Amino acid sequence: MRKKKSSVSALHEVEGVKQPLSTNDSSISKIKQKRREQPSESEFVTKILAGDISYLSRAITLVESTNPKHQQKANAIIEQCLPHANKSVRIGITGVPGVGKSTFIEVFGKFYTSKGNKVAVLAIDPSSSVNKGSILGDKTRMEELVKDQNAYIRPSPSGNSLGGVAQKTRETIILCEAAGFDTIFIETVGVGQSETAVHSMVDFFLLLKLAGAGDELQGIKRGIIEMADAIVINKADENNIKQAELAKAEFARALHLYPPKESKWQPKVTTCSAFYNIGIDKIYELVQEYTSLTKANGYFEKRRSEQNNYWLLETINQQLKTEFYTNKNVKKALKKYINDIENSKTTPFKAAQELLKLSKK
């Protein structure tokens, strides 16, 4: 006799007890209103100087905003924070994708905090050229450092800035310094173009390399070697130790081909394994040695002054570019000139001249 098929599905869900509403409409309205209210500039500054991370993050968001009102407020906050800045050591860290930057920065950052330092990590995340989005996953990759009370990690999208360096990184450094962070790490996206921009805002430039990747000779040719204050061969562990030592010798020989630096510092090459926490102390000592030398011979302050001049000109260039593309006359005529160029009715150079004339009207 065939059994009667049960009408109750195995996936049948028993109705549970309804949960009471935890909030009411009035409470929700008050919360939304509170979020819309922006603290005053003086309140921002007071909280940042007191080391309030929440206010620091909100201030950086204002700095990164393209809203004119936000920019105006951010500029006022930066102006008031400026006297309390410039007291950190800024370290730029770069390397190709896969070299282990995140792992290295986490271990290096933990070493600094163990020495009593406060570390801010400004990680520039590449934005998609297709949908303009960014993953911003650096906090996820630095699980231990993100839990350290003496560390702060701020991932920022690169946007459309050259080589993946966030346009507002320079201002963010000032805010972090005002909040009491004495060591600033700036991680580039490692795409090959951002190093120059990062080099113009840091005191010590560290290049991470891999052994056995076939780029030792290629690395010798690249201008990035001239900018590096230290080259670190990462993943020097297990079966890779011998290759790492050979790569170290190759880069050490390459460095001697370049003229002496104005800082009087001879760039060093060393190996490490960020995964196994090997050799991190040597890199820390290199940074300390470099800082002591350049502060003693006056190069440290001279370099900072040169960087300020550089960023003055860069800011002017950026502002002129923004004003050009937001000009109403330019907006109206731009599509027409692009169409004329595509149809060979004019040249890009002549079109540019005409558009520049329109922007001045």
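Residues numbered from 1 in each chain as written. Predicted model: local features only at pLDDT ≥ 70, side-chain atom pairs only at ≥ 80, totals over all residues. Heavy atoms only, no water.

**Student:** Describe in detail the packing of aromatic side chains, supporting the description with residues and values.
**Tutor:** Tallying each qualifying case throughout the model produces 13 aromatic pairs. Within the aromatic cluster, the residues linked to one another by ring pairs are Phe104, Phe108, Phe111, Tyr112, Phe185 and Tyr284. The positively charged end of Lys268 is found above the aromatic ring belonging to Trp265, 3.9 Å away from the centroid. The ring of Tyr337 has Lys336 sitting right over it, with the charged end atom 4.8 Å from the ring centre. (Phe/Tyr/Trp six-rings, centres within 6.5 Å; stacked < 30°, edge-to-face > 60°. Lys NZ or Arg CZ within 6 Å of the ring centre and 35° of its normal.)

**Student:** Break down the environment of Glu144 for me, with residues and values.
**Tutor:** Summarising the element assignment, Glu144 is placed in the loop between helix H6 (138-141) and strand E3 (151-157). According to the relative accessible area criterion, Glu144 is partly exposed, its value standing at 42%. C-alpha separation for the pair Glu144 and Lys110, spaced 34 residues apart in sequence, amounts to 8.1 Å. If we ignore the near neighbours within four places in the chain, the residues touching Glu144 are Glu106 and Lys110. (Helix = DSSP H or I, 4+ residues; strand = E, 2+ residues; numbered from the N terminus. Buried < 20%, exposed > 50% of the residue type's maximum accessible area, 1.4 Å probe, protein only. Contact = heavy atoms within 4.5 Å.)

**Student:** Quick one: what's the story with the environment of Asp148, residue by residue and with numbers?
**Tutor:** Mapped onto the elements of the fold, Asp148 is located in the loop between H6 and E3. The sequence separation of Asp148 and Lys118 amounts to 30 residues, and the corresponding C-alpha distance is 9.6 Å. Residues in contact with Asp148, not counting those within four places in the same chain, are Lys110 and Thr113. A distance of 2.8 Å separates a polar atom in the side chain of Asp148 from the backbone nitrogen of Asn150. (Polar contact = N/O pair within 3.5 Å; in protein donor to acceptor, adjacent residues only side chain to side chain.)

**Student:** Help me get a handle on the nonpolar core, residues and values and all.
**Tutor:** Of all hydrophobic cores here, the largest spans 45 residues; its most connected members are Ile48, Leu175, Cys176 and Ile231. A per-element tally of this core places helix H3 (residues 53-64) first, with six residues. With sequence-adjacent residues up to four places away left out, Leu175 is seen in contact with Ile48, Leu56, Ala59, Ile60, Val63, Ile77, Ile78 and Cys81. Listed in part, the 32 residues of the second largest apolar core include Val107, Tyr112, Val119 and Leu206. (Core = buried A, V, L, I, M, F, W, Y, C linked by side-chain atoms within 4.5 Å.)

**Student:** Explain a positive patch on the surface to me, and be specific about the residues and the numbers.
**Tutor:** Among the surface-exposed residues, Lys350, Lys357, Lys360 and Lys361 lie close enough to one another that they form a single positively charged patch. Residue placement: Lys357 occurs in helix H15 (residues 348-359). In this structure Lys357 comes out as exposed when scored by relative accessible area, which is 51%. (Patch = residues over 30% accessible without salt bridge, like charges linked within 9 Å, V, L, I, M, F, W, Y side chains within 5 Å. Areas by Shrake-Rupley, 256 points an atom, 1.4 Å probe, with all protein chains shown as cover. Salt bridge = Lys/Arg side-chain N within 4 Å of Asp/Glu carboxyl O. Lys, Arg positive; Asp, Glu negative; His and termini not counted. Charge placed at Lys NZ, Arg CZ, Asp CG, Glu CD.)

**Student:** I'd love a proper account of the confidence of the model for the protein, names of residues and values included.
**Tutor:** The share of residues in the protein with pLDDT of 70 or more is 79%, and the mean pLDDT across the chain is 84. Of all helices and strands in the protein, the one with the weakest mean pLDDT is helix H9 (residues 216-221) (48), whereas helix H12 (residues 280-296) scores best (97). Low pLDDT, under 50, characterises residues 1-5; the predicted model gives this stretch zero contacts beyond four residues in sequence or across chains. Note that residues 127-136 has pLDDT below 50 and, in this model, 16 contacts with residues that lie over four places away or in other chains. (pLDDT = per-residue confidence, 0-100.)

**Student:** Break down a nonpolar patch on the surface for me, citing the residues and quoting the values.
**Tutor:** A cluster of nonpolar side chains, contributed by Leu312, Leu313, Ile316 and Leu320, occupies part of the molecular surface with about 390 Å² of accessible area. Mapped onto the elements of the fold, Leu313 is located in helix H13 (residues 299-326). The exposure class assigned to Leu313 is exposed, which follows from its relative accessible area of 53%.

**Student:** An account of the side chain of Asn327 is requested, with residue identities and associated values reported.
**Tutor:** Mapped onto the fold, Asn327 is located in the loop between H13 and helix H14 (328-342). You can call Asn327 buried: its relative accessible area is 15%. Apart from residues no more than four positions distant in its own chain, Asn327 is found in contact with Leu358 and Ser359.

**Student:** Can you explain helix H5 (residues 101-114)? Please cite residues and give values.
**Tutor:** The end-to-end C-alpha separation of H5 is 20 Å, in line with the 20 Å expected for 14 residues at 1.5 Å each. Burial within H5 is extensive, with 11 of its 14 residues counted as buried. Residues Lys101, Ser102, Phe104, Ile105, Glu106, Val107, Phe108, Gly109, Phe111, Tyr112 and Thr113 constitute the buried set of H5. Phi for Gly116, located one or two positions after H5, is positive at around 95°. (Expected span 1.5 Å × (residues − 1).)

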